[in-house]
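Each chain, letter by letter, is given below.
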Amino acid sequence: MRTSQNTASSIYDRQNEKFLLKCLLAQRSEYAKAKDIALRKGILITGLCIFSIIAEVVGTNEYSAMSCLFALIVVIINQYADGHITFLKKQAALIQQFVDVNLFAETLGMDTLEWGNVSVKPALEYLIYSYSDADTSEMKNWYSDYSSQSGEEEVFYCQYENVRWDFKLYESFKRFLLFLSLATSIILCVVIYATQPNFIKLVCLFAPLIPICEYLYSNVNEINHTISLLQRLEWYCAYIQFSWKYTNIRGLRRNLIKLQYMIYDRRAEAYLIPDWFYKLNRPKQQKDEDNYAQNRVNLNC
């Protein structure tokens, strides 16, 4: 199948335009707010657990009543927190969608309206322009360099980079959580073996841990859901690659637009990886992606 020549400046160059970098800063800000709320939620649940243990040790009715009251308050706060986190994730995903669609549509010589309604809301415009004087150097080179490819190929490989990057990151974080859970279980078993509590004390020891277990369980479920969404994206990317030479340009572009909206939906629903873990993994993952892009160039030479 013939693909269009990339007559516009490449995505790799245009992604570093000042306005788009400000958009990426605004996107990161919305995700940071959501992560901050999620962190406070975790601290609150842990605090409740510690207070419940103290209440059991002290053994007074007043402390037990306060523990029950705090548990009820935490449930109410969590409902509000979850709603606000969902809202902020959708805001951040919308900003990233705006950036991607503007880059991809221009590369293919298409109108952004062909990619659907991707205009940002007035509140988000205000947020973006609030970064007028901010340092955007950290946001440069969001995508690796696929400028030697055709327009459709450059767009596809940037989209595929999103999928590969996130899939590796979430798999790594899931392994980290499993290791942490295993280590915690071993420590708990050692404590039980050392203290040899009776049945009543054992129940009192485990009861305050229920909120934390529920919190961890919901987090693992979210991660598994995100990974399943990424697997669907991997399958769709594989389908696009397999059918590439059998698909005309119009059909191919339709597939790229569908893929982009699948990426948007995944971003809006995704579990929030802590910033420290992202920053720890970023150098190696970026190097891997740059190597992948270079290999694509070498294959075309």
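Since the model is a prediction, treat every value here as computed from it, not as a measurement.

**Focus: the overall build of the protein**
On a plain count of helices and strands, the protein comes out with nine helices and zero strands. Expressed as a percentage of its 301 residues, the buried residues of the protein come to 42%. Long-range pairs, those at least 24 residues apart, make up 85% of the contacts in the protein between residues at least 6 apart in sequence. If you sum the accessible surface of the protein, you get close to 17,000 Å²; carbon and sulfur atoms cover 61% of it.

**A word on the confidence of the model for the protein**
For the protein, the mean per-residue pLDDT works out to 80, and 75% of the residues sit at or above 70. The lowest-confidence element of the protein is helix α6 (residues 199-206), averaging 60 in pLDDT; the highest-confidence one is helix α8 (residues 249-269), averaging 92.

**Concerning the side chain of E30**
As for its placement among the helices and strands, E30 is situated in helix α2 (residues 18-58). According to the relative accessible area criterion, E30 is buried, its value standing at 4%. Side chain to side chain, E30 and K33 meet in a polar contact 3.1 Å long. Not counting chain neighbours up to four residues away, the residues in contact with E30 comprise L88, Q91, A92, I95 and L127.

**A short note on the nonpolar core**
In this structure, F104, W115, F156 and L259 are the most contacted members of the largest nonpolar core, which totals 53 residues. Where this core is concerned, the elements lending two or more residues are α2, α3 (61-107), α4 (122-129), α5 (151-195), α7 (210-243), α8 and α9 (275-300). When residues in this core are grouped by element, the largest group, 12 residues, is from α5. In contact with F156, other than residues within four places in its own chain, are C237, I240, Q241, W244, L256 and L259. Listed in part, the 10 residues of the second largest apolar core include Y31, A34, I37 and A92.

**Considerations on the pattern of salt bridges**
Taken as a whole and assessed by the stated rule, the structure comprises nine salt bridges. As a salt-bridge pair, R266 and D166 come within 2.2 Å of each other at their nearest N and O atoms. In this pair, R266 sits in helix α8 while D166 sits in helix α5, placing the two residues 100 residues apart along the sequence. The class of D166 is buried, set by a relative accessible area of 15%.

**Comments concerning unusual backbone geometry**
Its identity is not glycine, yet N141 carries a phi of approximately 55°, on the positive side. Following the sequence through the fold, N141 ends up in the loop between α4 and α5.

**Considering the packing of aromatic side chains**
Under the defined criterion, the tally for this structure stands at 16 aromatic pairs. With 6.4 Å between their ring centres and 55° between their planes, F242 and Y246 make a pair best called tilted. Across the pair, Y246 and F242 agree in class, each one exposed. Every member of this aromatic cluster is reached through a ring pair, and the members are Y146, F156, Y157, Y160 and W244. Above the face of the Y160 ring, R164 is positioned so that its terminal group lies 4.7 Å from the ring centre.

**Comments concerning a nonpolar patch on the surface**
A contiguous nonpolar surface patch, about 210 Å² in accessible area, is contributed by L44, I73 and I77. In this structure, L44 sits in helix α2. Given the relative accessible area of 31%, L44 is considered partly exposed.

The rules behind each value
Residues numbered from 1 in each chain as written. Predicted model: local features only at pLDDT ≥ 70, side-chain atom pairs only at ≥ 80, totals over all residues. Heavy atoms only, no water. Helix = DSSP H or I, 4+ residues; strand = E, 2+ residues; numbered from the N terminus. Buried < 20%, exposed > 50% of the residue type's maximum accessible area, 1.4 Å probe, protein only. Contact = heavy atoms within 4.5 Å. Areas by Shrake-Rupley, 256 points an atom, 1.4 Å probe, with all protein chains shown as cover. pLDDT = per-residue confidence, 0-100. Polar contact = N/O pair within 3.5 Å; in protein donor to acceptor, adjacent residues only side chain to side chain. Core = buried A, V, L, I, M, F, W, Y, C linked by side-chain atoms within 4.5 Å. Salt bridge = Lys/Arg side-chain N within 4 Å of Asp/Glu carboxyl O. Phe/Tyr/Trp six-rings, centres within 6.5 Å; stacked < 30°, edge-to-face > 60°. Lys NZ or Arg CZ within 6 Å of the ring centre and 35° of its normal. Patch = residues over 30% accessible without salt bridge, like charges linked within 9 Å, V, L, I, M, F, W, Y side chains within 5 Å.

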